[in-house]
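Here's the letter readout for the chains.
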Amino acid sequence: MPRGPRIGLKTNQPECLAFPKPIAPHPYNTENARERALDFEEFKDCSLIYLNASEIHDEFLKGKNLNKEKQKIRVVCDFIRYYEQKMNIKVTSTKNINVSFCVDYIIYCINRFKSPAIKIRFCWRLLRTIGVSSDIIPPNPTREAVGDAREELDAQSARNFLNRAKQEARVIIERFHQAEEMNARGRDPRRAAGARLGAWDQLENRLWVCRELLGLQARTERDLIEVGHRNIIRSMAKRSGAVVIDPVRGAVQQTGLAAHFRFYHPSVADLAPFIALLLIRANVNLQTVADLQASSMWWKPYARAFYHEEEPERWVSIILPKLRGAQGGRRKRRDGTKVGKADVKSPATISIPSLKRPWSHPFQILTFLQEMTQPLRNEIKRRIDELSAKADRSEQERRELDRLHFIKDDMFVYRSEQEVTSLKFVTREQQVTPRPLVEVLKRYGLTAGVKQLRDAGLQFGFRVSGNNLLILHLLARHSSRETAAAYARRREFFRRSEELFIAIFEKSVALVRSSSYSIANLRAALRSSGLDDWQITNILNPDNRSRYGNRCGGPNSPPEPFNKGTPPGQLCRSQDCIDGCPLARFLPDALPFLVRIWSSIVQQLSNVGIAAAFDNSLQHRLQRLERILDKYPREDVLAEKNKLATEEGGNR
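The rules we used
- Residues numbered from 1 in each chain as written.
- Predicted model: local features only at pLDDT ≥ 70, side-chain atom pairs only at ≥ 80, totals over all residues.
- Heavy atoms only, no water.
- Helix = DSSP H or I, 4+ residues; strand = E, 2+ residues; numbered from the N terminus.
- Buried < 20%, exposed > 50% of the residue type's maximum accessible area, 1.4 Å probe, protein only.
- Contact = heavy atoms within 4.5 Å.
- Areas by Shrake-Rupley, 256 points an atom, 1.4 Å probe, with all protein chains shown as cover.
- Salt bridge = Lys/Arg side-chain N within 4 Å of Asp/Glu carboxyl O.
- Pairing = 2+ DSSP bridges.
- Axes fitted to C-alpha atoms, helices over the stretch in contact; angles between N-to-C directions.
- Expected span 1.5 Å × (residues − 1).
- Arc of directions from axis to C-beta.
- Core = buried A, V, L, I, M, F, W, Y, C linked by side-chain atoms within 4.5 Å.
- Phe/Tyr/Trp six-rings, centres within 6.5 Å; stacked < 30°, edge-to-face > 60°.
- Polar contact = N/O pair within 3.5 Å; in protein donor to acceptor, adjacent residues only side chain to side chain.
- Parallel < 35°, antiparallel > 145°, perpendicular 65-115°, else oblique.
- Left-handed = near helix turned anticlockwise from the far one by under 90°.
- Nonpolar A, V, L, I, M, F, W, Y, C, P; charged D, E, K, R; others polar.

## Quick notes on the overall build of the chain
Phase 1: Helices and strands together make up the secondary structure of the chain, namely 27 helices and nine strands.
Phase 2: Taking all 652 residues of the chain together, the buried fraction comes to 43%.
Phase 3: Residue pairs in contact within the chain that sit at least 24 positions apart in sequence constitute 65% of those at least 6 positions apart.
Phase 4: Here the chain displays about 35,600 Å² of accessible surface, and carbon together with sulfur accounts for 50% of that area.

Written as structure tokens, this is what we have:
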């Protein structure tokens, strides 16, 4: 019979193992909890809100922070009470909403709030949700204060980011294939099963224990000890497991049972390289990636070809959920009254083309992730069945069951130190980005959060398209150009664009104040501004005058992006020289043309009413015209404006 240690001798103390802690209670918001958080009984005296409660709850408040939205709904209800008292009417349905209602709400918000733009935009979205026609709702005349622009990720930093993500993604892919290869080679390493000495030193045998003895169940160390697996924990303690992604140090080899489970149960840091590749390749936001479900049809054949006789099935379309911003087709109300729940509209999706073969492109990444995270989804299903079979579940078990039902089909499931969870659950329910993911992306080179990746792709497309806001609008898949414009306002990008325009502008107007205009002096000044001899000849030809009055150095060869719509070798069709064309030069004889264009734009802006408050191309051109006019002698500009006013007055 084996004896214990003699009295007085010290025994070996058990080592502290790097194993997940017991599962802690999680504040999961069930559907009932959501309804309690936003009790529409508070708005019972506001018929417009109360009678449309179901529609507002199901459609308008989906995925939102209910406490914040509740405060905004209170503002709308307070106004409706004010409006009913003022107009001596009762606002009970959308039939009572008209332009007067909207105008009064604008005045109400401007007089009471420092930032009325947010309140007005919220109300307009709410009215559209309950069925108010867009023809009645005017544009938002107020604008939000422009916050500090995010720092732009330059091209070299973006390349470095991509390369680091690819390096660590390869580590995880090789780890997965290593475990797959060992599935058929392992055997029971325990002496009781007849194993030879040293069987525990073979990795395939240790992985066999994880699969066959422990069943890949996400149990805590305490649970394993209770069912008699203390010796397995000790045998794994100092033996090397998987190479994992440490948020700060990168790829490192770990030891212990938890490190062996990482072959089958990835952490969020292990998923981080793939999330990074998706964000930079697909040009979408983090929530769109997080919301993807493995059970959905997330890809389909690509219906178009990028060039003639392209290899068939080279491209596929990646289908991602769009649960923010504008949604799918608006549902139609059957009648003017609210009877039960209305038909739920189908959610919108984002379609992204992806090459099918390269391993670091979205299709192959998602194919691999679906396979790698399948063991965790199997474990979630097993645990759901286990908890569902219990008749007397504790409060903690009920919360766990709610959470597991929420994440059971998610693509980005992972095992944290406390529990099995998913990226969607953490970002939506806890309203945070997992800290390990943030640290990994920061180590890759991000300095201003995950949105910086999306900005990088949009800004690149914006630049190469010649600062075309429509192209930005299409690339970003925004519901409005106003949203797209927000992505164009980036500090570094506009600093560079402004420097470029100023350099071209100074060359363009360098001659307007000169008093000596001999041919020799003109040629010398034009040559010093960067033009070649053939371009100078074009400048000196009065026939090469554009619609803005300037001379053109290359009327048959406009540069990018000013050649849009012009066939090769033909005269420039757009003649948008005022936008900063490097071949444009303004001579003194351009002044009458500039003044006429300036007057025309001023009149156009005065006729569009409230739309003039929005950022638009006319405003930008007016600013540049005024900047050029400031270079001319002030008395000449005033004389030309007076002359034009006299001519227009005589023609009336």
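Let us keep going from here.
## Focus on the pattern of salt bridges
Phase 1: With the rule as written, the count across this model stands at 24 salt bridges.
Phase 2: As a salt-bridge pair, Lys390 and Glu397 come within 2.5 Å of each other at their nearest N and O atoms.
Phase 3: Salt bridges linked by common partners bring Glu379, Arg382, Arg383, Glu386 and Glu400 together as one network.

## Some points on the environment of Cys210
Phase 1: Within the secondary structure, Cys210 sits in helix α8 (residues 203–213).
Phase 2: Each C-alpha atom of the pair Cys210 and His260 lies 7.5 Å from the other, and the pair is 50 residues apart in sequence.
Phase 3: Sequence-distant contacts of Cys210, defined by excluding residues within four places in its chain, comprise Gly215, Leu216, Met236, Leu257, His260, Phe261 and Tyr264.

## Considering the sheet that holds strand β3 (residues 299–301)
Within a sheet, adjacent strands bond to each other through the backbone by hydrogen bonds, running parallel or antiparallel.
Phase 1: Pairing in this open sheet of three strands is antiparallel, and the strands run β3-β4-β5 from one edge to the other. Two strands close off the open sheet at either side, each with one partner strand: β3 and β5 (348–355). On average, each strand axis in the sheet is inclined to that of its neighbour by 30 degrees, with strand direction left out of account.
Phase 2: Relative to β5, strand β4 (residues 315–322) is paired through eight bridges, and the arrangement is antiparallel. Residue pairing in the sheet places Val316 in a bridge with Ser354 of β5.

## Looking at helix α15 (residues 374–388)
Phase 1: Its 15 residues place the ends of α15 21 Å apart at the C-alpha level, agreeing with the 21 Å of an ideal helix rising 1.5 Å per residue.
Phase 2: If you check which residues of α15 are buried, you get Leu376, Arg377, Glu379, Ile380, Arg383, Ile384 and Leu387. The arc enclosing the buried residues of α15, seen along the axis, measures out at 155 degrees, which places them on a common side.
Phase 3: Lining the buried residues of α15 we find α14 (362–372), α16 (395–407), β6 (413–415) and β7 (420–422).

## A word on the nonpolar core
Phase 1: By size, the foremost hydrophobic cluster in this structure holds 47 residues, and its most contacted members are Phe274, Ile275, Ile318, Leu369, Phe412 and Leu437.
Phase 2: Counting only elements with at least two residues in this core, the list comes to α7 (155–182), α12 (268–282), α13 (286–290), β4, β5, α14, α17 (423–429) and α18 (435–444).
Phase 3: With 11 residues, α12 is the largest single contributor of residues to this core.
Phase 4: Excluding its chain neighbours within four sequence positions, the residues that come into contact with Leu437 are Val268, Ala272, Ile275, Leu286 and Leu423.
Phase 5: With 32 residues, the next largest nonpolar core counts Leu61, Ile80, Val91 and Val132 among its residues.

## What to know about the packing of aromatic side chains
Phase 1: Tallying each qualifying case throughout the model produces 15 aromatic pairs.
Phase 2: Between the aromatic rings of Phe79 and Tyr82, the centroid separation amounts to 6.1 Å while the plane-to-plane angle is 40 degrees, which identifies the pairing as tilted. Of this pair, Phe79 and Tyr82 both sit in helix α4 (residues 66–87), separated by three residues, roughly a single helical turn.
Phase 3: Assessed through its relative accessible area of 0%, Phe79 is described here as buried.
Phase 4: For Tyr82, a relative accessible area of 34% translates into the label partly exposed.

## Observations concerning helix α5 (residues 99–112)
Phase 1: Here α5 contains 14 residues, and its C-alpha end-to-end distance of 20 Å stays within 8% of the 20 Å for a straight helix at 1.5 Å per residue.
Phase 2: For α5, the set of buried residues is Phe101, Cys102, Asp104, Tyr105, Ile106, Tyr108 and Cys109.
Phase 3: Sitting at the amino-terminal end of α5 is Asn98, which places a side-chain oxygen 3.2 Å from the backbone nitrogen of Ser100.

## What to know about the side chain of Arg175
Phase 1: Considering the arrangement of structural elements, one finds Arg175 in helix α7.
Phase 2: Judged by its relative accessible area of 3%, Arg175 is buried.
Phase 3: When sequence neighbours within four positions are dropped, the list of residues in contact with Arg175 reads Ala242, Val243, Val244, Arg262, Phe263, Pro266 and Asp270.

## What to know about unusual backbone geometry
Phase 1: Positive phi outside glycine occurs at Asn88, with the angle close to 60 degrees.
Phase 2: Among the secondary structure elements, Asn88 is positioned in the loop between α4 and α5.
Phase 3: A positive phi angle is found at Leu216, which is not glycine, with a value near 55 degrees.
Phase 4: Turning to its location among the elements, Leu216 is positioned in the loop between α8 and α9 (221–226).
Phase 5: On the basis of relative accessibility, which here comes to 15%, the residue Leu216 falls in the buried class.

## Focus: the environment of Val248
Phase 1: On the secondary structure map, Val248 appears in the loop between β1 (240–246) and β2 (250–255).
Phase 2: For Val248, a relative accessible area of 59% corresponds to the exposed category.
Phase 3: Taking the C-alpha atoms as reference points, Val248 and Leu441, 193 residues apart in sequence, are found 9.9 Å from one another.
Phase 4: When near neighbours in sequence (up to four residues on either side) are disregarded, Val248 contacts Glu439 and Arg443.

## Looking at the packing of α12 against α14
Phase 1: Look at α12 against α14: their axes get within 10 Å of each other, and the N-to-C directions meet at 155 degrees. As far as their axial angle goes, α14 and α12 are roughly antiparallel. Every pair of crossing elements has a handedness; the one defined by α12 and α14 is left-handed. Contacts between α12 and α14 involve Leu271, Phe274, Leu277, Leu278, Arg281 and Ala282 from the former and Pro362, Ile365, Leu366, Phe368, Leu369 and Met372 from the latter.
Phase 2: The residue inventory of the contact of α12 with α14, partitioned by class, reads 11 nonpolar, no polar and one charged.

## Quick notes on the environment of Ser235
Phase 1: By the element assignment, Ser235 lies in helix α10 (residues 230–236).
Phase 2: Here Ser235 falls in the buried class, since its relative accessible area comes to 18%.
Phase 3: Between the C-alpha atom of Ser235 and that of Gly256, which follows or precedes it by 21 residues, the distance is 8.5 Å.
Phase 4: A polar contact of 2.8 Å, which involves the side chain of Ser235, links it to the backbone oxygen of Asn231.

## Overview of the side chain of Asn205
Phase 1: Note that Asn205 resides in helix α8.
Phase 2: Polar contacts involving the side chain of Asn205 include one to the main-chain amide nitrogen of Arg187, which spans 3.0 Å.
Phase 3: Residue contacts for Asn205: discarding those within four places in its chain leaves Arg185, Gly186, Arg187, Pro189 and Ala199.

## Examining the packing of α7 against α14
Phase 1: At a closest axis distance of 12 Å, the pairing of α7 and α14 adopts a crossing angle of 45 degrees. Classified by the interaxial angle, the pair formed by α7 and α14 is oblique. In terms of crossing hand, the pair formed by α7 and α14 is left-handed. Facing α7, whose interface residues are Ile172, Ile173, Phe176 and Glu180, α14 presents Phe368, Glu371 and Met372.
Phase 2: Residue classes in the contact of α7 with α14 are distributed as five nonpolar, no polar and two charged.

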